[in-house]
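# Examination of the molecular architecture
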Amino acid sequence: MSDKKTESKKEKYREVAYYPGCALEGTGHAYNRSTKALGKKLGLKLKEVENWNCCGAMEVKNIDPKLQTYLSSRVMSIAANTMKMDVVMAPCNGCYHNLKKAEYDLANDDKSREVVNRLSQKAGHETYQAGQVETIHALDWVKEAIGEEGLKERVKNSLKGIKIANYYGCMYTRPRHIFPEKDQGPGSESTSRPHFMDDLLDAAGATSVDFPLKTACCGGAHTLSDSDTSTRLVANILRTAEAAGAEVIATECPTCHSGLEMHQIRAEKTLGIKTNVKIIYFTQLLGMALGLKPKQVGLHENVSDSFDFVKKKGLA
Amino acid sequence: MTTLAEIGVRLDELIARPPAPGDAGELLALGEQALEQWVIARGKEPTPDQREGFRLLALHHQGAEKDPSFNACRETCRELVYHYNLLTLQPDDPESDQHARMMGWVANHLFLFISGKLETEKLGDFCCASKPLRETVDANPVAQ
């Protein structure tokens, strides 16, 4: 990527519309807390999308995909037309995926444009037009606005000595066609072997291990309807991470994160498979590396207990 | 034809050992056999073709036809091929033992994904790109 483009993104991402989504108000609250704390520490401004709604997640999308497109478009419309923002940052993989999918559908599908226009008029807000905002993930936000060199300069408690398996989950890169900015050569994210989280955590001193299940399915969508399948898939991910030498699995999706935590416990109870690998959001790890206390990044809100681990590693 | 249960038992044996670089061919074949089970369950004949030099990738492609949710195992299949290539093209690499162990876990993940998906088939397709469970309800209200 050219220096000019890098500089323009750096500036553009310094103040973004923040779309936390439903999960970050519930099971993923630690991710919400740590994202905000990290942004503040890095001097990046987050302006929460006013009166935001559900992105349509899995439930609405399964029943009526065009209704999901509308719901996601409303979030982008508020950011663009009411708040006059250029960038929406969504830390949740599900929200990020759905906003990108809506963007793609509105740029390429007449029927989607027609439905979104009709529902927007009915709801009494401006119709979102494709291209009005850029949707990014929390990984893009830190990677582009601060970068590895910027992080290195700010590290107070190095993650040195911590071996990490970076788990991106399935929705961050899939399907490829809704992420046109990825797979664009050096500097861009890869859909087959994503590396932004590896880059950031390595810059903070950690060692990312070679982990072959970075984007493998964790069974998140079936965590309630078929818990046994989810438990078996998660147990395999956790065991693979340990076999790869990892002490921590870093996450960047609230659904994956809570699935890994809950099925780690369930795998021990129902399958007798005990794993010790810690499950921590990348924003929590970066926050602690920058000198934030574990509670400031919501470590106490995780289901799994990693306090002793972070203390041992000199992060608390 | 190898059953899904037999594939699972063999993978458990290999992982417990753990797998050695010489097991690369068998691990790849177990992945193909798991994919064959999925293709057959959907009423098709498993393809003998190859994509990018691998039947595994052709079988995955066939399994994902009209079912984009099956692409949730696309990278798992590609990782299996990647590890096979590492082990067969660079057999003397000092990391070969670790690559073989990783290949075992990747093959196991593909097996678990497919067996789970087959189990839940009657509940609707797996994953977030799934067809709505409602479709069955709407189509057959009396049975509910």
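Quick summary incoming for the structure in this document. (Residues numbered from 1 in each chain as written. Chains lettered and ligands numbered in written order. Predicted model: local features only at pLDDT ≥ 70, side-chain atom pairs only at ≥ 80, totals over all residues. Heavy atoms only, no water.)

### Regarding the overall build of chain A
In terms of regular secondary structure, chain A is built from 13 helices and eight strands. Radius of gyration (C-alpha) of chain A: 19 Å, near the 20 Å computed for a compact globule of 316 residues. Taken over the C-alpha atoms alone, chain A extends approximately 55 × 45 × 35 Å along its principal axes. When each of the 316 residues of chain A is scored for burial, the buried share is 57%. Across chain A, every contact between residues at least 6 apart in sequence was considered, and the portion connecting residues at least 24 apart equals 78%. Surface summary for chain A: the accessible area is close to 12,700 Å², and the carbon and sulfur share equals 49%. A gap of 3 Å separates the mean positions of the 44 positive and 39 negative side-chain charges of chain A. (Helix = DSSP H or I, 4+ residues; strand = E, 2+ residues; numbered from the N terminus. Rg over C-alpha atoms; globule rule 2.2 N^0.38 Å. Buried < 20%, exposed > 50% of the residue type's maximum accessible area, 1.4 Å probe, protein only. Contact = heavy atoms within 4.5 Å. Areas by Shrake-Rupley, 256 points an atom, 1.4 Å probe, with all protein chains shown as cover. Lys, Arg positive; Asp, Glu negative; His and termini not counted. Charge placed at Lys NZ, Arg CZ, Asp CG, Glu CD.)

### A look at the sheet that holds strand 5 (residues 163-167) of chain A
Residue and element names in this part refer to chain A. Strands sit in the order 6-5-7-8 across an open sheet of four strands; the sheet is parallel. Looking along the sheet, the strands with just one partner apiece sit at the ends: strand 6 (207-208) and strand 8 (278-281). In this sheet, strand 6 lies alongside strand 5 in parallel orientation, the contact comprising two bridges. Of the residues in strand 6, the one forming a bridge with I164 is S208. Strands strand 5, strand 7 (248-251) and strand 8 of the sheet are contacted by helix 10 (residues 227-243), whose axis makes an angle of about 120° with strand 7. (Pairing = 2+ DSSP bridges. Axes fitted to C-alpha atoms, helices over the stretch in contact; angles between N-to-C directions.)

### A few points about the packing of aromatic side chains
Evaluated as defined, the whole model comprises eight aromatic pairs over all chains. Arranged with centres 5.6 Å apart and planes meeting at 80°, the rings of Y19 of chain A and W52 of chain A form a pair that is edge-to-face. Of this pair, Y19 of chain A sits in the loop between strand 1 (15-18) and helix 2 (29-42) while W52 of chain A sits in the loop between strand 2 (45-48) and helix 3 (59-63), placing them 33 residues apart in sequence. This pair shows no difference in class: Y19 of chain A is buried, exactly as W52 of chain A is. For K182 of chain A, the ring lying beneath its charged end belongs to Y172 of chain A, and the centroid distance is 4.6 Å. R193 of chain A extends its terminal NZ or CZ atom over the ring of Y82 of chain B, reaching a point 4.1 Å from the ring centre. (Phe/Tyr/Trp six-rings, centres within 6.5 Å; stacked < 30°, edge-to-face > 60°. Lys NZ or Arg CZ within 6 Å of the ring centre and 35° of its normal.)

### Regarding the interface of chain B and chain A
Across the contact, 28 residues belong to chain B and 30 residues belong to chain A. Where chain B abuts chain A, roughly 2,600 Å² becomes buried across the two surfaces, and 60% of that area is made up of carbon and sulfur atoms. Our enumeration of links across chain B and chain A arrives at two salt bridges. Residue R174 of chain A pairs with E75 of chain B through a salt bridge whose shortest N-O separation is 2.6 Å. Summed over the shared surface of chain B and chain A, the result is eight residue pairs in polar contact (both at pLDDT 80 or more). Listed by contribution, the elements that provide at least two residues to the side of chain B that touches chain A are helix 4 (74-89) and helix 5 (96-119) of chain B. Element by element, the count of residues in the side of chain B that touches chain A is highest for helix 5 of chain B, at ten residues. A per-class count over the side of chain B that touches chain A returns 13 nonpolar, nine polar and six charged. (Buried area = accessible area lost by both parts, 1.4 Å probe. Salt bridge = Lys/Arg side-chain N within 4 Å of Asp/Glu carboxyl O. Polar contact = N/O pair within 3.5 Å; in protein donor to acceptor, adjacent residues only side chain to side chain. Nonpolar A, V, L, I, M, F, W, Y, C, P; charged D, E, K, R; others polar.)

### Quick word on the state of the cysteines
Residues and elements named next belong to chain A. All told, the structure shown has zero disulfides over all chains when counted by the stated rule. Left without a disulfide partner, C256 is nearest to the cysteine sulfur of C253, which lies 3.6 Å away. By relative accessible area, which is 7% here, C256 ends up buried. (Disulfide = S-S within 2.5 Å.)

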